[in-house]
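# Breakdown of the fold
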There are 2 protein chains.
Amino acid sequence: MAPLSEALTDAPGSLGTVRNAVLLLRLLAEGPAYQQLTDLADRSGLSLATVHRLLRSLVLADLVEQDPRSSRYGLGAELTRLSHRYLARLPILGAVAPYLTQVREGVGGTVQVELLVGTAIVGMDRVDGFNADPYRNSHHWRPALLEVGGRLLGARCPDERWKLLLAEVDEATRELADAEREHWAGAPWLSMISDIPGTAAEVAVPLVDGHGTALAALVAHLPSREGADPVAERLEASVAHLTRAAMAAGRTLGHG
Amino acid sequence: MAPLSEALTDAPGSLGTVRNAVLLLRLLAEGPAYQQLTDLADRSGLSLATVHRLLRSLVLADLVEQDPRSSRYGLGAELTRLSHRYLARLPILGAVAPYLTQVREGVGGTVQVELLVGTAIVGMDRVDGFNADPYRNSHHWRPALLEVGGRLLGARCPDERWKLLLAEVDEATRELADAEREHWAGAPWLSMISDIPGTAAEVAVPLVDGHGTALAALVAHLPSREGADPVAERLEASVAHLTRAAMAAGRTLGHG
DNA sequence: GCATACTTTTCCACTATCCGGAAAGGCAAT
DNA sequence: ATTGCCTTTCCGGATAGTGGAAAAGTATGC
């Protein structure tokens, strides 16, 4: 049976139909954009007829699209509408949004607000730097522990969730993460040499609410400028800008 | 019965459970962030027990969150992950993304890629202008026909969909839209005096694939600069930049 | 060109399971 | 303490979702 289905198999008190529908959405979310019925039936462990019925229902709801050419199935556009509604009413996003442009001014690079959802770190809002690289990975996402923002947020999660995050990465990073967790959880900011071309480093600070829980990460990408001040100095300045914005956002949030 | 439920009531060949689950998601998407069970049961026309069961299932799947304080229900974070996966694999977004920074350079204002989903126009990718207003309505969304991008895309839709769009706006814009549809559908670009503070006008061009169907709109917000060239001139220049990017994106798309 | 293999879709009887009414638990007020 | 409101659980019965198998539709081979 597919790994994903196990995670959902034993969920007492959950409607089977809903469970199966969500399972299909998850299967569609991984792998290629459009997938065939047979394959989905195989991976889900459900019968062909059931999968077909479920997908037809989801298509009717626009949560799933069927490619008219190949009649294969993929995720649907309605998901973006629901997601937008979710984000539009997320207090933390509204709280930081006004400060993002200021931070860009100070940092000079791209600034992003990242959320930890499931085991992935995803960018929810961004302000691109002035001389940003044309290759902007807007909807890219990676396992949380591979990104600086994810480490910051992941280390602050309860152990149960932390284990899930570890399971998503390779042996090397797992060891690193286990060794560094304490440090990551306590640090007021975290930096990392960036994989992104044209960017020297990325640095993140947590966005905390009135109760002290970290809701999101504010991440800046420092551009690499030849012959400019050493990275260490610019990094320090960036941290100052980020923290200031984070604290301001935290204040407007208050005790949620 | 609530207006939304009617739209879903008669959907032959759709599983009732899925239909109801989606109905609840839609109800949660409109109105306040967190809503109470009783209210949802009322609006959906379903029994309390049923709504409770459905919501519990959706919570287990992270598509819905329950506020531990008030035990009210709202949309869940998993929606953003699914939405991200959808967007990450949407060809048109990948095709324009590299050109957005160029367009910003030329236009000097914020540039956005907008999609028509349901009856709403939503921004899927954006590059903020250099002196962008701190008030950036990132996850704002409005009925399609109120925005210039929505008019461009809506007018190109089949009549059936066009009617739905009309139903979402007030009488005045409805008349305007009916009169202008032909024009909007044929125009290679469309502009409009902007409601957004600090912005003089917005202008949009369609992003078309190899078959000539408009998949999205590329929208630029021209900043208002005092004593600068008349808006008309800057608008013309912006249209040039936008069209060039749109054509380049269309080429990399090819015949999908 | 036909034949083969594969994939999607439909049909149908069965019973698993989803539904609604009603009762039981919580939580804030008055 | 009592009342009212909202959430959660319980339960029998009938609905409606399930899976096997057959049919329709499409691509691939020779």
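Just so it is clear, the structure is predicted and the values come from calculations on it, not from any experiment.

Calculation rules
Residues numbered from 1 in each chain as written. Chains lettered and ligands numbered in written order. Predicted model: local features only at pLDDT ≥ 70, side-chain atom pairs only at ≥ 80, totals over all residues. Helix = DSSP H or I, 4+ residues; strand = E, 2+ residues; numbered from the N terminus. Buried ≥ 20, exposed ≤ 12 C-beta atoms within 10 Å, placed from the backbone. Contact = placed C-beta atoms within 7 Å. Least-squares fit on C-alpha atoms with pLDDT ≥ 70 in both. Core = buried A, V, L, I, M, F, W, Y, C linked by C-beta atoms within 7 Å. Near = placed C-beta within 6 Å. Nonpolar A, V, L, I, M, F, W, Y, C, P; charged D, E, K, R; others polar. Domains from an automatic or database assignment. Expected span 1.5 Å × (residues − 1). Pairing = 2+ DSSP bridges. Axes fitted to C-alpha atoms, helices over the stretch in contact; angles between N-to-C directions. Parallel < 35°, antiparallel > 145°, perpendicular 65-115°, else oblique. Left-handed = near helix turned anticlockwise from the far one by under 90°. pLDDT = per-residue confidence, 0-100.

Bringing the overall build of chain A into the picture now. Helix and strand content of chain A: 10 helices and 8 strands. Over its C-alpha atoms, taken along the principal directions, chain A stretches across nearly 65 × 40 × 40 Å. In chain A, which comprises 256 residues, the share counted as buried stands at 45%. A separation threshold of at least 6 residues defines the contact pool for chain A, and within that pool the share at least 24 residues apart is 56%.

Superposition of the two copies of the chain requires a rotation about an axis and a shift along the axis. When chain A is fitted to chain B, the residual RMSD is 0.1 Å, and the transformation amounts to a turn of 180 degrees plus an axial shift of 0.0 Å. In short, the pair behaves as if placed about a two-fold rotation axis. A share of 100% of interface residues in chain A that are also interface residues in chain B marks the association as one of identical surfaces.

Membership of the largest hydrophobic core comes to 145 residues, with the highest contact counts inside it found for L24, V96 and L218 of chain A together with L24, V96 and L218 of chain B. Setting aside its immediate chain neighbours within four residues, L24 of chain B contacts L40, S44, V51, L54, L55 and L58 of chain B.

Close to DNA strand D lie 20 residues, the nearest being A49 and T50 of chain A together with G16, Q36 and L37 of chain B. Top element by residues in the surface near DNA strand D is helix α4 (residues 48-60) of chain A. It accounts for 4 residues. Among the residues forming the surface near DNA strand D, the class breakdown is 7 nonpolar, 11 polar and 2 charged.

As far as domains go, chain A holds domain 1 (3-78) and domain 2 (90-253). The gap between the C-alpha centroids of domain 1 of chain A and domain 2 of chain A is 33 Å.

A few words now on helix α2 (residues 16-29) of chain B. End to end, α2 of chain B covers 20 Å across 14 residues, agreeing with the expected 20 Å (1.5 Å per residue, within 8%). Regarding α2 of chain B, the residues found buried are T17, V18, N20, A21, V22, L23, L24, L25, R26, L27, L28 and A29 of chain B.

The subject of this paragraph is the protein's contact with DNA strand C. Near DNA strand C you find 20 residues, and of these G16, Q36 and L37 of chain A together with A49 and T50 of chain B are the closest. Residue assignment for the surface near DNA strand C shows that the elements contributing at least two residues are α2 (16-29), α3 (37-44) and α4 of chain A together with α2 and α4 (48-60) of chain B. Looking at the surface near DNA strand C element by element, the count peaks at 4 residues for α4 of chain B. In the surface near DNA strand C, the residues fall into 7 nonpolar, 11 polar and 2 charged.

We now examine the pairing of strand β3 (residues 111-117) of chain A. Residue and element names in this part refer to chain A. The buried count for β3 comes to 7 of 7 residues, which makes it a mostly enclosed element. With burial as the criterion, each face of β3 is covered, one bearing V111, V113, L115 and V117 and the other bearing Q112, E114 and L116. Pairing of β3 with strand β4 (residues 120-127), which is carried by 7 bridges, proceeds in the antiparallel orientation. By the bridge assignment, L115 is partnered in β4 with V122. Connecting the antiparallel pair β3 and β4 is a turn made up of 2 residues, with G118 showing a positive phi of about 65 degrees. Relative to strand β8 (residues 214-223), β3 runs antiparallel, the two being bridged by 4 bridges. Its bridge partner lying in β8, V113 is registered against L218.

Residues and elements named next belong to chain B. With antiparallel pairing, the 6 strands of this open sheet are ordered in space as β5-β4-β3-β8-β7-β6. Only two strands of the sheet have a single partner each, and these edge strands are β5 (142-143) and β6 (190-193). Relative to strand β4 (residues 120-127), strand β3 (residues 110-117) runs antiparallel, the two sharing 7 bridges. When the bridges of β4 are listed, Q112 appears paired with R126.

Before going further, it helps to spend a moment on the interface of chain A and chain B. Contacts between the two partners involve 54 residues from chain A and, on the opposite side, 55 residues from chain B. With 11 residues, helix α5 (residues 78-88) of chain A is the single largest residue contributor to the side of chain A that touches chain B. Of the residues belonging to the side of chain A that touches chain B, the class tally is 32 nonpolar, 12 polar and 10 charged.

What follows is about the environment of S71 of chain B. Along the chain, S71 of chain B falls in the loop between β1 (64-66) and β2 (73-75). Distance in space between the C-alpha atoms of S71 of chain B and Y34 of chain B is 8.9 Å, their sequence separation being 37 residues.

As a further point, take the packing of helix α3 (residues 37-44) of chain B against α4 of chain B. Residue and element names in this part refer to chain B. Their axes nearest at 9 Å, the elements α3 and α4 cross at an angle of 110 degrees. Taken together, α3 and α4 sit at an angle that is classed as roughly perpendicular. Regarding α3 and α4, the two cross each other, and that crossing is right-handed. On α4, the residues touching L37, L40, A41 and S44 of α3 are L48, V51 and H52.

Attention shifts here to the confidence of the model for chain A. Taken as a whole, chain A shows an average pLDDT of 89; of its residues, 92% reach a score of 70 or greater. For chain A, the element scoring lowest by mean pLDDT is helix α1 (residues 3-9) of chain A, at 39; helix α7 (residues 148-154) of chain A scores highest, at 97.

We now examine the sheet that holds strand β6 (residues 190-193) of chain A. Spatially, 6 strands are ordered β5-β4-β3-β8-β7-β6 (chain A) in an open sheet, and the strand pairing comes out antiparallel. Looking at the sheet topology across the chains shown, the edges are occupied by β5 (142-143) and β6 of chain A.

A few words on unusual backbone geometry. Residue and element names in this part refer to chain B. Positive phi values are uncommon outside glycine, yet D62 reaches one of about 65 degrees. Considering the arrangement of structural elements, one finds D62 in the loop between α4 and β1. Owing to 16 C-beta atoms within 10 Å, D62 belongs among the partly exposed residues under this scheme. Of note in the backbone geometry, S71 takes a positive phi value of approximately 55 degrees without being a glycine.

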